[in-house]
Each structure stands twice: as C-alpha cells, then as structure tokens.
Amino acid sequence: MKNIVLFASGSGTNAENIILFFNATKTAKVVAVFCNNPNAKVLERAKKLQVPTEIFTKSALNNGDVLQKLQSYSPDCIVLAGFLLQFPKEFIQHYPNSILNIHPALLPKYGGKGMYGMHVHQAVLENKEPETGITIHYVNENYDEGNIIFQEKVAISDCKSAEEIAQKIHELEQKHFPTVVDTFLNSKF
C-alpha cells in the first residue's frame, strides 16, 4: 500500500474526496493532512475520517521543519488540494515528480501567483471564455508551471457568474482528481 500526504489550506472538499476514494481501495492510503491554516475546515474533515493532521506555519514550511515531519510519513505521493503557499525547492528536490497539484483552470491560462479559487473564475468570466476546466500537474519551483498530467474541459457559455463557473469546476475536481492520483500511483511504481 502506498502512502499519500495531502496539503490543504481551506475547506477540504477535494481532500475529503481523495481520502474517501482511497479508503475504498487497496492502492494507497492518505496517511496525513498537512495544513497551514489552523482554522481550515479541512482539519475537521480529516479528523472525522481519522486521518492525522499536522498544522504548521509558513516559516516552518520554509525552514525545513515541515519537510522533516513529512519524511516521517514516508509519502509515495504528495497531493496539493487547495494549498495556497508556494512549495519550497527542497521539497521538490526531495520528492521529484511525486508532488501533484490541481488548478481550477486550463493552464497555462489563468495560472501564477494570486490565481486561485474565485480569482480564477472571475478572470475567466470577465474574459468571456467559452470554456474552462481543471489541470492536474506536477509541482515545480514556480506557481502552476509544472508539467501537465491531466486536463478536462467544460463549456461555460451558459454561466452568468463566477459562482456558477466554480460549481462546474468543483464537479470536475470531484470526478477526476482521485482517479488521476490513483492512475499516477499505479504508473509510477
């Protein structure tokens, strides 16, 4: 069985979905959720599903403390599920091609620092895009620039608000994120 460690900063719907998906398989198990926000709902979701949590500060992420703690979980894969901080270079070097992120747009469009959540959906709406989607990609030293693993599109010409776009993106995330992680794990080893 392979070990997955999730990093999240917010509500945790993707994290919860991944935990539930792997609880029902023999492929892998989510062994911990790391979070930089002590008030994030993801911590409640993980606790309810009996997954250990680690709360840390930005300075602990950057000074090596989090990397040391992460190593104690022996992750085969690290999944960023709504994690908003930039991952330090040391993590990427220590876990090459083993850190995945999901982005709520079709990269390379609408990526980079500050482009997350509703910021992305609002920009997509304002630019009158006929479609958007999700991108699952490797994490490198730059926001949203790692090699793309998977993309899925959705038409949004009927959407009148960023919230309507967000709902369509959420449905894609829930459908595809766990299965892409599963496929990644099965092809990696």
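For the structure, see preceding data.
1. Concerning helix 6 (residues 117–126)
- Along helix 6, the positions that sit buried rather than exposed are Val120, His121, Ala123 and Val124. The buried side chains of helix 6 occupy one side of the element, clustering within an arc of 160° when seen end-on.
- Positive backbone phi, at 55°, marks Lys128, one or two positions downstream of helix 6.

2. As for the packing of aromatic side chains
- As enumerated under the stated definition, the model contains 12 aromatic pairs in all.
- Their ring planes at 85° and their centres at 5.0 Å tell us that Phe7 and Phe87 sit as a pair that is edge-to-face. Remark: Phe87 occurs in the loop between strand 4 (77–80) and helix 5 (89–94) and Phe7 occurs in strand 1 (residues 2–8); sequence separation between them is 80 residues.
- A relative accessible area of 4% places Phe87 in the buried class.
- Three or more aromatic residues joined by ring pairs form one cluster here, namely Phe7, Phe34, Phe56, Tyr73, Phe83, Phe87 and Phe91.

3. Some words on the pairing of strand 1
- The element strand 1 is largely enclosed, with a buried count of 7 among its 7 residues.
- A two-sided burial pattern is seen for strand 1, the buried positions comprising Lys2, Ile4, Leu6 and Ala8 on one face and Asn3, Val5 and Phe7 on the other.
- Across 7 bridges, strand 1 lies against strand 2 (residues 28–35) in parallel orientation. Paired with Asn3 across the strands is Lys29, a residue of strand 2.
- In the classification by handedness, the crossover that spans strand 1, the intervening helix 1 (residues 13–23) and the parallel strand 2 is right-handed.
- Where strand 1 and strand 4 come together, 4 bridges link them in parallel fashion.

4. Section: the pattern of salt bridges
- Across all of its chains, the model carries 6 salt bridges by this definition.
- Residue Lys48 pairs with Glu16 through a salt bridge whose shortest N-O separation is 3.1 Å. Of the two residues, Lys48 is situated in helix 2 (residues 41–48) and Glu16 in helix 1; the sequence distance between them amounts to 32 residues.
- Lys48 sits in the exposed class, given a relative accessible area of 58%.
- Through salt bridges that share partners, Glu16, Arg45 and Lys48 make up one connected network.

What counts, and where the lines are drawn
Residues numbered from 1 in each chain as written. Predicted model: local features only at pLDDT ≥ 70, side-chain atom pairs only at ≥ 80, totals over all residues. Heavy atoms only, no water. Buried < 20%, exposed > 50% of the residue type's maximum accessible area, 1.4 Å probe, protein only. Helix = DSSP H or I, 4+ residues; strand = E, 2+ residues; numbered from the N terminus. Arc of directions from axis to C-beta. Phe/Tyr/Trp six-rings, centres within 6.5 Å; stacked < 30°, edge-to-face > 60°. Pairing = 2+ DSSP bridges. Right-handed = clockwise from strand over helix to strand, strands pointing away. Salt bridge = Lys/Arg side-chain N within 4 Å of Asp/Glu carboxyl O.

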